[in-house]
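Listed below, chain by chain, are the residues.
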Amino acid sequence: MDYNRAEQALAFDRVLPWEGQVPACEIQADGRAFLRLAAPKAQNVSVVIMDEEYPCTRREDGVWEMELPFQTGHHYVQFKLDGAEVLTPLLPISYGYSRPYNYVELPVPEQTGESEGTEEEKHAENGQMHSNMESCGENNGENFEETFYSIKDVPHGSVRREYFYSSVTGEWESCVIYTPAAYEEETDKTFPVLYLQHGHGENETGWTTSGKLQFILDNLIAEGKAVPFAVVMCNGMVQTVTKDGRRIVDFMLLEPQLLKDVIPFVEKKFRIGGSKERRAMAGLSMGSLQTSIIGFTHPEYFCALGVFSGFVTDMMQGTELDMVDRGPGNNEHLRILDDAESFARTFPVYFRAIGDEDPYKNFFDADDKMLEARHIAHTRRIYHGIHDWNVWRQCIRDFAQMIFR
């Protein structure tokens, strides 16, 4: 059942080692996982994981190996040979850290999504904040084969890549679109659509390579836990050229590009969206801030918003993460929060979630206090994990079950 755990954009089947090479990732019976690379002429080999460099040990046969510091889940990994970062074709390739990047996908126990520990619910009249706090942990059972993002024997939707000319950038751009299995069968129906964004350093392919979005939704829809809906994924790292000819990223350009180019293009070509009631928006990390800014500023477009490992208040403009030479954002998008009752009517589903060990959790906590002070009703969940796909997969799994009901 775990054969295609490493399914990726470039190869569905595993890439088999050729003569002189060895499998890049081996999992032992006790659960320990090792990365291996045959490089007999290299003087030094290491692996970079989360900005930390781990040295490899050279065996007598010229194979370098290291034991991974984890045994489950999705993790970006980068080999370094004699100081140079290299991709190996023997590991799946995704897109992270603003470039193609290797990753490993290790087996995990089935995550049920049911809360463990304390659940705190605050209910009050006059629109006081409703905080459904859940600590969603891993099932400690022995089923390491199927997860909620596994490929299962259910009807599968389609993933396609589309190309459109952007009036905002003056260049051709691309987006990735998921349509549920029912889209091909119910040809007279217009389906709801979720506009879903990735994080900083990633692109429009992230949710279907690292995120396994298509399999999560296929499974939820087949189980009757989510209604069939489409998903449009754009590149939120919108590139532009400065006056002096430098190519940079301006993440704030997603707003005009989404509204002027993407939505008109996809909703004309596909039977999706067409009204506020049939549109939602969500994103992770940088994409969550884009969701907050765009969703709050243009509430007439969306009926639901999802903020994954993310931000309501603008913490990005004017920082080292922003390539545009500008000051801090003015947070004008937060004005919509001044009327809690109106906000609740505008966004019947407003979802925020993060990992309990996320390095950005202080921003999430600050937004908690701000939203509570303004009595903003929403669903809030805390998962066990950090700032990575292991958490974001759970975010989309739970958010998908709430929207378009």
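Residues numbered from 1 in each chain as written. Predicted model: local features only at pLDDT ≥ 70, side-chain atom pairs only at ≥ 80, totals over all residues. Heavy atoms only, no water.

**Focus on the environment of Leu254**
In step 1: One can find Leu254 in helix α4 (residues 254–269).
In step 2: For Leu254, a relative accessible area of 0% corresponds to the buried category.
In step 3: Sequence spacing of Leu254 and Gln197 is 57 residues, and the spatial spacing of their C-alpha atoms is 9.9 Å. (Helix = DSSP H or I, 4+ residues; strand = E, 2+ residues; numbered from the N terminus. Buried < 20%, exposed > 50% of the residue type's maximum accessible area, 1.4 Å probe, protein only.)

**Here's the deal with the nonpolar core**
In step 1: Among the nonpolar cores identified, the biggest contains 39 residues, and Leu196, Trp207, Phe308 and Phe399 are the most heavily contacted of them.
In step 2: For this core, the element with the highest residue contribution is helix α8 (residues 389–400), accounting for seven residues.
In step 3: Val262, Ile294, Phe302 and Leu305 belong to the second largest nonpolar core, which has 38 residues in total. (Core = buried A, V, L, I, M, F, W, Y, C linked by side-chain atoms within 4.5 Å.)

**Comments concerning the side chain of Ser174**
In step 1: Mapping Ser174 onto the fold places it in strand β14 (residues 172–179).
In step 2: Overall, Ser174 belongs to the buried group, its relative accessible area being 11%.
In step 3: Of note is the side chain of Ser174, whose polar atom sits 3.2 Å from the side chain of Arg161.
In step 4: Here Glu204 takes part through its side chain, which lies 2.4 Å from a polar atom of the side chain of Ser174.
In step 5: With sequence-adjacent residues up to four places away left out, Ser174 is seen in contact with Arg161, Glu162, Tyr163, Phe164, Glu204 and Asn235. (Polar contact = N/O pair within 3.5 Å; in protein donor to acceptor, adjacent residues only side chain to side chain. Contact = heavy atoms within 4.5 Å.)

**Things to note about α4**
In step 1: Of all the bends in α4, the greatest, near 35°, is centred on Val262, and the proline Pro264 appears no more than four residues after it.
In step 2: Within α4, burial applies to Leu254, Glu255, Gln257, Leu258, Leu259, Asp261, Val262, Ile263, Val266 and Glu267. (Bend = angle between axes of the 7 residues up to and from the residue.)

**Examining helix α5 (residues 286–297)**
Note on helix geometry: an α-helix contains 3.6 residues per turn, so any two residues three or four positions apart are oriented the same way.
In step 1: In this model, α5 (12 residues) spans 17 Å end to end at C-alpha, consistent with the 16 Å of a helix rising 1.5 Å per residue.
In step 2: With 11 of 12 residues buried, α5 is to be regarded as a mostly interior element.
In step 3: Buried within α5 we find Met286, Gly287, Ser288, Leu289, Gln290, Thr291, Ser292, Ile293, Ile294, Gly295 and Phe296.
In step 4: Summarising the contacts, the buried residues of α5 are in contact with β15 (193–197), α4, β19 (279–284), β20 (304–308), α6 (340–346) and β21 (349–355). (Expected span 1.5 Å × (residues − 1).)

**Concerning the pairing of strand β10 (residues 99–106)**
In step 1: In terms of burial, β10 is largely enclosed, as six of its eight residues are buried.
In step 2: The sheet contact formed by strand β7 (residues 73–81) and β10 spans five bridges and is antiparallel. Bridge pairing links Tyr76 to Tyr103 in β10.
In step 3: As paired elements, strand β9 (residues 93–96) and β10 share four bridges and run antiparallel to each other. Across the sheet, the residue bridging to Ser94 is Tyr101, located in β10.
In step 4: Taking the residues between adjacent antiparallel strands as the criterion, β9 and β10 are bridged by two residues, where Tyr97 takes a positive phi near 55°. (Pairing = 2+ DSSP bridges.)

**What about the sheet that holds strand β2 (residues 33–38)?**
In step 1: Taken in spatial order, the four strands make up an open sheet running β1-β2-β6-β5, and their pairing is antiparallel. Unpaired on one side and paired on the other, β1 (25–27) and β5 (57–58) mark the two borders of the sheet.
In step 2: Examined bridge by bridge, β5 and strand β6 (residues 63–67) share two bridges and lie antiparallel to one another. Bridge pairing in β6 links Thr57 to Glu65.

**Description of the pattern of salt bridges**
In step 1: The final tally for this structure, using the stated rule, is 26 salt bridges.
In step 2: Arg326 is the salt-bridge partner of Asp322, the closest N and O atoms lying 2.8 Å from each other.
In step 3: Under the relative-accessibility criterion, Arg326 is labelled partly exposed at 23%.
In step 4: We note a salt bridge from Arg352 to Asp368, for which the minimum N-O separation is 2.7 Å. Placement of Arg352 in strand β21 and of Asp368 in helix α7 (residues 361–373) is noted, with a sequence separation of 16 residues between them. Each of the two residues, Arg352 as well as Asp368, counts as buried. (Salt bridge = Lys/Arg side-chain N within 4 Å of Asp/Glu carboxyl O.)

**Some points on the packing of helix α3 (residues 213–222) against α8**
In step 1: In contact at an axis separation of 10 Å, α3 and α8 are set at 35° when each is read in the N-to-C sense. Our pair here, α3 against α8, has a crossing hand that is right-handed. Residues Leu213, Ile216, Leu217 and Leu220 of α3 form the contact with α8, whose own contacting residues are Arg393, Ile396, Arg397 and Ala400.
In step 2: Tallied by class, residues from the contact of α3 with α8 come to six nonpolar, no polar and two charged. (Axes fitted to C-alpha atoms, helices over the stretch in contact; angles between N-to-C directions. Left-handed = near helix turned anticlockwise from the far one by under 90°. Nonpolar A, V, L, I, M, F, W, Y, C, P; charged D, E, K, R; others polar.)

**As for the packing of aromatic side chains**
In step 1: Summed over the entire model, instances satisfying the criterion amount to 25 aromatic pairs.
In step 2: Centre to centre, the rings of Phe343 and Tyr350 are 5.2 Å apart; their planes meet at 75°, and the pair counts as edge-to-face. For the residue pair Phe343 and Tyr350, the accessibility class agrees, reading buried in each case.
In step 3: What links up through ring pairs into an aromatic cluster is the set Trp207, Phe308, Phe351, Trp389, Trp392 and Phe399.
In step 4: A cation over a ring is seen here: Lys276 above Phe347, with NZ or CZ 5.0 Å from the ring centre.
In step 5: One Lys or Arg, Arg397, reaches over the ring of Phe148 and ends 4.6 Å from the middle of that ring. (Phe/Tyr/Trp six-rings, centres within 6.5 Å; stacked < 30°, edge-to-face > 60°. Lys NZ or Arg CZ within 6 Å of the ring centre and 35° of its normal.)

**Things to note about unusual backbone geometry**
In step 1: Residues other than glycine seldom take positive phi values, yet Met50 does so here, at roughly 50°.
In step 2: With respect to the helices and strands, Met50 occurs in the loop between β3 (45–49) and β4 (52–55).
In step 3: Backbone geometry places Tyr97, a non-glycine residue, at a positive phi of 55°.
In step 4: Within the secondary structure, Tyr97 sits in the loop between β9 and β10.
In step 5: Residue classification places Tyr97 among the partly exposed residues on the basis of a relative accessible area of 33%.

These results come straight from atomic positions and should not be treated as a statement about function.
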